[in-house]
Structures are given as structure tokens and as C-alpha cells.
Amino acid sequence: MNPLWLSHFTATSSIGRGLQQTLDALRGQRGGLAPCAFDTVDLPTFVGEVAAVDTVALPDALAAFDCRNNRLALLGLMQDGFAEAVAAASQKYGAQRIGVFIGTSTSGILQTELAYRRLDPVTGAFPPDFSYRTTHNTFSVADFTRHVLALAGPAVVVSSACSSSAKVFASARRMMAAGLIDAAVVGGVDSLCLTTLYGFNSLGLTSTQACRPFDVERDGISIGEAAAFALLEPVPDRLDADAVLLLGIGESSDAHHMSSPHPEGLGARMAMQEALATAGLDAADIDYINLHGTATPSNDAAETRAVAALFGSVTPCSSTKGATGHTLGAAGGLEAVICALALQHGLLPAGLNTQQLDPALPLNYLLHNREQAVRRVLSNSFGFGGTNCSLIFGRAG
């Protein structure tokens with residue numbers, strides 16, 4: 001595939017708002033997980049909550065979109081000069097030639113949960129100010145993003161669980177390759193809600209402490225929330241050495257089980273193989289792997305088998321979910337931005353909270369940050385139902 005340029009990108013999560021705070025947290029090995037105090041949730045678990053999301057005010061013209069997910073999206077869009085960069089691209093290509101591709105899993109489901117608390121006691125009807133279409137609906141966040149950025153091109157939401165905002169890179173690339181658009185805003189937004197927290201708890205997948213990917217005593221995930229965006233453009237004739245390129249994409253669907261990965265990591269391995277093939281690279285060309293690494297016993301074991309089959313136990317790797325929590329539909333986008341920062345700043349981020357690596361998982365897992373030149377990185381995102389995506393990013397220089 002022809003590389004694409006991440007001309008601008010930004011992220012907001014529990015470890016920071018914007019690129020500088022995110023980078024500072026990664027460098028300082030500071031996590032954002034804390035005991036859950038979200039809304040009325042009463043569960044012994046840790047979450048990665050973004051502070052003060054509910055104080056964000058949407059523009060009056062977009063009041064119909066008001067929900068936690070879209071407030072979080074607005075935080076992300078208004079940072080690091082991202083909206084201004086999209087406006088400049090709109091002048092260059094035309095607003096109708098820029099697509100919007102956003103990944104989410106829960107979207108604005110919290111708004112429906114809150115509406116249920118205000119049902120009419122006689123009729124059982126939802127309150128009149130509740131709008132499913134502009135809040136809970138998964139398309140809401142793409143529609144909202146398109147309105148905020150004044151874009152008129154195609155808008156798409158991918159909701160494939162935890163691979164959602166990795167797969168948007170593939171969707172955007174295909175539409176650009178087909179000549180339907182010239183550039184794309186891609187990203188992921190997922191926010192905390194009761195359904196997610198109680199749902200994962202009912203599956204026995206949440207940890208009672210900050211999650212510990214690849215630890216011998218790992219026992220589940222810590223749910224987080226995030227908004228991450230990137231502007232994809234064709235590669236220009238001249239680039240700065242620290243420019244970040246999307247080099248390869250691999251997708252697969254092993255369909256092994258609705259909520260458990262293939263035990264041998266079959267789909268994960270296929271996605272990584274395809275990413276390497278589309279980038280024209282060998283496993284030895286990858287300097288760092290950002291693992292999906294959810295900290296559940298089955299996920300980390302299956303991903304280890306897949307990674308080991310291709311990379312052995314040599315390539316440095318880590319899961320940054322120990323810092324941010326598992327941001328579900330936003331994880332792919334958030335971790336793409338973390339990979340971009342790793343490339344630009346020569347930083348291989350440590351996996352936080354992991355005390356004793358599981359000896360049954362033979363990987364070169366980083367317990368401490370490593371500073372070195374980084375040329376190419378691979379990021380894994382694997383979702384429920386066996387929907388998998390691997391992305392390869394590289395530094396132009």
C-alpha cells in the first residue's frame with residue numbers, strides 16, 4: 001500500500017489532555033487509573049476517567065448532540081491545533097473531499113441510561129429532551145465531528161468493539177485509494193457508562209486493582225475513556241524527518257468466540273502478518289510493538305502466542321493500558337497516537353503496574369522506559385468476536 005501521512009494528531013485520556021501531557025505522563029511512567037467513583041457505579045474496580053468532561057459546553061447550534069461522548073470528542077478536537085489543521089486541509093482539498101471515520105463502542109449510551117431515570121411515571125415515556133439519534137446512536141459521534149469541523153465528505157462509524165478505532169484507518173485508506181476523498185479525519189471516542197462497567201464486571205473481566213498486563217497475577221481489565229484523532233493526507237514531496245506515516249494495515253476476523261480470543265491467537269497473527277505484508281516489511285524491521293494487552297489471562301496468553309510466532313521474544317513490546325485503562329472503541333486511536341509519540345521522541349513506553357512477568361509469556365516486555373531511535377512500530381487492537389486490526393507506523397526520516 002502507499003503510505004499515508006499523519007499530518008496532525010491529538011489525544012485525551014486519563015493520563016493527559018493533549019500531546020504534551022500525554023508525552024509527559026509516558027516519560028514519567030505515570031498512570032491515570034483510580035478507584036471507580038463514576039456516577040452511581042458501586043463496583044470494586046479501577047477506571048481511567050477523564051476529569052471534568054461534564055463541564056464541557058457544546059456550541060448552542062450543536063446542543064442536540066449533548067452527551068458525555070460528544071463532550072469528550074470536543075475536548076479532543078479543540079486541542080493541539082487539530083481543528084485549525086483540518087480547517088486548512090478543508091481549504092486545500094474542499095470540505096466535501098475530507099471524510100470522517102470514527103471508532104466507538106458505547107457511543108452516547110450513558111445519555112440513555114440517564115434518560116431511564118427520568119421516565120414518565122405514568123406512561124413510561126422517555127423525557128421529551130432525549131434524542132437517541134444525536135446521542136446514543138453510534139453514528140452520533142461522527143456526525144458531531146463532521147459538524148464541529150464543518151466537513152461535508154463521507155462520514156462513517158466503525159463499531160467493532162475494541163478494534164474500532166484501529167479499523168477506521170483501514171476504512172479511510174480504502175476510500176482515499178478509491179479516489180472518493182483526498183484526506184480523512186480518523187479517530188476514536190469512547191466514554192464511561194454504567195452498561196460497560198457492570199457488563200464487563202458480569203463477565204468476570206474487571207480487576208479490583210489497576211490492571212497488570214502480562215503479570216503472573218493479572219486478573220482483568222481497567223476500563224478507561226479517551227478521544228483521539230488524526231488527520232490522514234497523501235504523502236507530500238517533502239517531509240520533516242519526524243513526520244509520522246501509516247505504512248501497513250492488517251485486518252482479520254477469526255470468529256472463534258463472542259468474548260474470548262482464539263487460544264492460539266490465530267486472528268491476531270493473521271492481522272500482524274497482513275500489516276507487515278502491506279508495508280513491505282519483515283518482522284525484524286519493527287522496533288516496538290504496542291500490544292493489545294488487556295490484562296485478562298486469556299487475551300495476554302493468546303496475543304503472546306501470536307506475537308512469538310512472528311517476532312520471537314526479541315522485539316521490545318508493552319501494553320500502555322496499564323496507564324490509560326482499556327478505552328474500548330477508542331483504544332486503537334489512542335494507541336496510534338502513543339505510537340506516533342514514540343516515533344517522534346525515541347521513547348519505548350513501559351507497561352505500568354506489572355510487577356512480575358508471567359514466565360509462560362516469553363516476550364521482551366518493557367517494565368521500564370527505553371530511549372532509543374525508533375523507526376517503525378506496530379500497534380495491535382483486537383476486539384470481541386475475533387475482529388482484529390494491526391497498524392504499522394513509521395518515521396519519515
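Up top is the structure.
Summary of the structure given here.

Scanning the protein from N- to C-terminus turns up eleven helices and 17 strands. A compact globule built from 397 residues would reach a C-alpha radius of gyration of about 21 Å, and the protein, at 20 Å, matches this within 12%. Across its three principal axes, the protein shows a C-alpha extent of roughly 65 × 50 × 40 Å. Within the protein, buried positions represent 60% of all 397 residues. Partitioning the intrachain contacts of the protein with sequence separation of at least 6 by distance along the chain shows that 79% fall at a separation of at least 24. When the accessible area of the protein is evaluated, it comes to approximately 14,800 Å², of which 52% is carbon and sulfur surface. Positive and negative charge centroids in the protein, built from 24 and 35 side chains respectively, lie 4 Å apart.

Structurally, Arg-68 is set in helix H2 (residues 68-77). Relative accessible area serves as the criterion here: at 3%, Arg-68 is assigned to the buried category. Spatially, the C-alpha atoms of Arg-68 and Ala-227 are 11 Å apart, while their sequence positions differ by 159 residues. If we ignore the near neighbours within four places in the chain, the residues touching Arg-68 are Phe-38, Glu-49, Val-50, Val-53, Asp-54, Leu-110, Gln-111, Ser-191, Leu-192 and Glu-225.

Located in the positive-phi region is Ser-107, a residue other than glycine, with phi close to 50°. With respect to the secondary-structure elements, Ser-107 resides in the loop between strand E5 (98-103) and helix H4 (109-116). With a phi angle near 80°, Ala-295 is a residue other than glycine that sits in the positive phi range. Looking at the element boundaries, Ala-295 is found in the loop between strand E11 (288-290) and helix H9 (297-311).

In space, the three strands of this open sheet follow the order E3-E4-E8, with mixed pairing throughout. Of all strands in the sheet, those bounded by a partner on one side alone are strand E3 (34-35) and strand E8 (223-224). The pairing of E3 with strand E4 (residues 46-48) spans two bridges and is classified as antiparallel. Its bridge partner lying in E4, Ala-34 is registered against Val-47.

So, about the packing of aromatic side chains. With the rule as written, the count across this model stands at six aromatic pairs. Ring centres of Phe-65 and Phe-144 lie 5.7 Å apart, and the angle between their planes is 50°; on these two criteria the pair is classed as tilted. Separated by 79 residues along the polypeptide, Phe-65 in the loop between E4 and H2 and Phe-144 in helix H5 (residues 140-148) bring together distant segments of the chain. Taking the relative accessible area as the measure of exposure, Phe-65 reaches 7% and is therefore buried. Judged by its relative accessible area of 0%, Phe-144 falls in the buried class. Both rings, one in Tyr-116 and one in Phe-126, keep their centres 5.0 Å apart while their planes meet at 75°; by these two values the pair is edge-to-face. You can see Tyr-116 sitting in helix H4 and its partner Phe-126 sitting in the loop between H4 and H5, a full ten residues away along the chain. Among the aromatic residues, those joined into a cluster by ring pairs are Tyr-116, Phe-126 and Phe-130.

So, about the side chain of Ser-390. Summarising the element assignment, Ser-390 is placed in strand E17 (residues 387-395). A polar side-chain atom of Ser-390 sits 2.7 Å from a polar atom in the side chain of Asn-380.

This next bit is on the environment of Ala-350. One can find Ala-350 in the loop between strand E13 (347-348) and strand E14 (364-365). It is 19 Å that separates the C-alpha atoms of Ala-350 and Gly-333, two residues lying 17 residues apart in sequence. Setting aside residues up to four positions removed in sequence, Ala-350 forms contacts with Gln-29, Ser-318, Leu-366, Leu-367, His-368 and Asn-369.

What follows is about the nonpolar core. Among the nonpolar cores identified, the biggest contains 48 residues, and Leu-6, Phe-9, Phe-169, Val-186 and Phe-393 are the most heavily contacted of them. The element contributing the most residues to this core is helix H11 (residues 331-345), with eight residues. With residues up to four places along the chain from it excluded, the contact list for Phe-169 reads Leu-6, Val-186, Leu-232, Leu-246, Ile-249, Ala-336, Leu-391 and Phe-393.

Reading the values: rules and limits
- Residues numbered from 1 in each chain as written.
- Predicted model: local features only at pLDDT ≥ 70, side-chain atom pairs only at ≥ 80, totals over all residues.
- Heavy atoms only, no water.
- Helix = DSSP H or I, 4+ residues; strand = E, 2+ residues; numbered from the N terminus.
- Rg over C-alpha atoms; globule rule 2.2 N^0.38 Å.
- Buried < 20%, exposed > 50% of the residue type's maximum accessible area, 1.4 Å probe, protein only.
- Contact = heavy atoms within 4.5 Å.
- Areas by Shrake-Rupley, 256 points an atom, 1.4 Å probe, with all protein chains shown as cover.
- Lys, Arg positive; Asp, Glu negative; His and termini not counted.
- Charge placed at Lys NZ, Arg CZ, Asp CG, Glu CD.
- Pairing = 2+ DSSP bridges.
- Phe/Tyr/Trp six-rings, centres within 6.5 Å; stacked < 30°, edge-to-face > 60°.
- Polar contact = N/O pair within 3.5 Å; in protein donor to acceptor, adjacent residues only side chain to side chain.
- Core = buried A, V, L, I, M, F, W, Y, C linked by side-chain atoms within 4.5 Å.

Don't take any of this as a statement about function, it's just geometry.
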